[in-house]
Amino acid sequence: MEIKQICVIGAGISGLVTAKTFVEEGYDVTIFEKQKGLGGVWEKSRTYPGLTTQNTGDTYSFSDYPMPASYLEWPTAEQMRNYLPECSTDGVILALY
């Protein structure tokens, strides 16, 4: 069996979706991220108190992993930071630089 490997640059929402899709197709995935955590614009050093999404939470949700019902309709940056690692990193190696 051939081992399929790929890397994804950036652990923002698009990078996480890309990695998740490749994992589902049987690839070993490594994500390279320069920030201290994942989330792209939602990474802690890039947000400020009171920041919320510009869209409702259902537009940011993965189709197979909805946001918790306890989250606000317009999730906060902290809620986004909590949601993203829970739903997107199974089977992915995350390399933070």
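See the structure printed just above.
The rules behind each value
Residues numbered from 1 in each chain as written. Predicted model: local features only at pLDDT ≥ 70, side-chain atom pairs only at ≥ 80, totals over all residues. Heavy atoms only, no water. Helix = DSSP H or I, 4+ residues; strand = E, 2+ residues; numbered from the N terminus. Buried < 20%, exposed > 50% of the residue type's maximum accessible area, 1.4 Å probe, protein only. Salt bridge = Lys/Arg side-chain N within 4 Å of Asp/Glu carboxyl O. Phe/Tyr/Trp six-rings, centres within 6.5 Å; stacked < 30°, edge-to-face > 60°. Core = buried A, V, L, I, M, F, W, Y, C linked by side-chain atoms within 4.5 Å. Contact = heavy atoms within 4.5 Å.

Locating Gln54 in the fold gives a position in the loop between strand E2 (28-33) and helix H2 (57-60). Gln54 sits in the exposed class, given a relative accessible area of 72%. Taking the C-alpha atoms as reference points, Gln54 and Pro75, separated by 21 residues in sequence, lie 8.9 Å from one another.

Oppositely charged side chains are able to pair whenever their charged atoms sit close together. Tallied over the full model, the rule gives two salt bridges. Residues Glu24 and Lys20 are paired through a salt bridge, measuring 2.7 Å at the closest nitrogen-oxygen approach. One end of the pair is Glu24 and the other is Lys20, both in helix H1 (residues 13-24) and four residues apart, which spans about a single turn. Among the ionic pairs, Lys20 bridges to Asp64, the shortest N-O distance being 2.7 Å. With Lys20 in helix H1 and Asp64 in the loop between H2 and helix H3 (77-88), this residue pair connects regions lying 44 residues apart in the sequence. Since its relative accessible area comes to 14%, Lys20 is described here as buried.

What follows concerns the packing of aromatic side chains. Taken as a whole and assessed by the stated rule, the structure comprises four aromatic pairs. Centroid distance Trp42 to Tyr60: 6.1 Å. Interplanar angle 85°. Geometry classified as edge-to-face. A residue pair is termed long-range when its members are at least 10 positions apart, and Trp42 in the loop between E2 and H2 and Tyr60 in helix H2 qualify at 18 residues. One aromatic cluster is present, built from ring pairs that chain together Phe62, Tyr65 and Tyr83.

To continue, consider the nonpolar core. Nonpolar side chains in soluble globular proteins generally cluster together in the buried interior. In this structure, Leu16, Ala19, Val29, Ile31, Trp42, Tyr83 and Leu84 are the most contacted members of the largest nonpolar core, which totals 17 residues. Those elements giving two or more residues to this core turn out to be H1, E2 and H3. For this core, the leading source of residues is H3, giving four residues. Leave out the neighbours within four places in its chain, and Trp42 touches Ile13, Thr47, Leu51, Thr52, Thr53, Tyr60, Ala77, Met80, Arg81 and Leu84.

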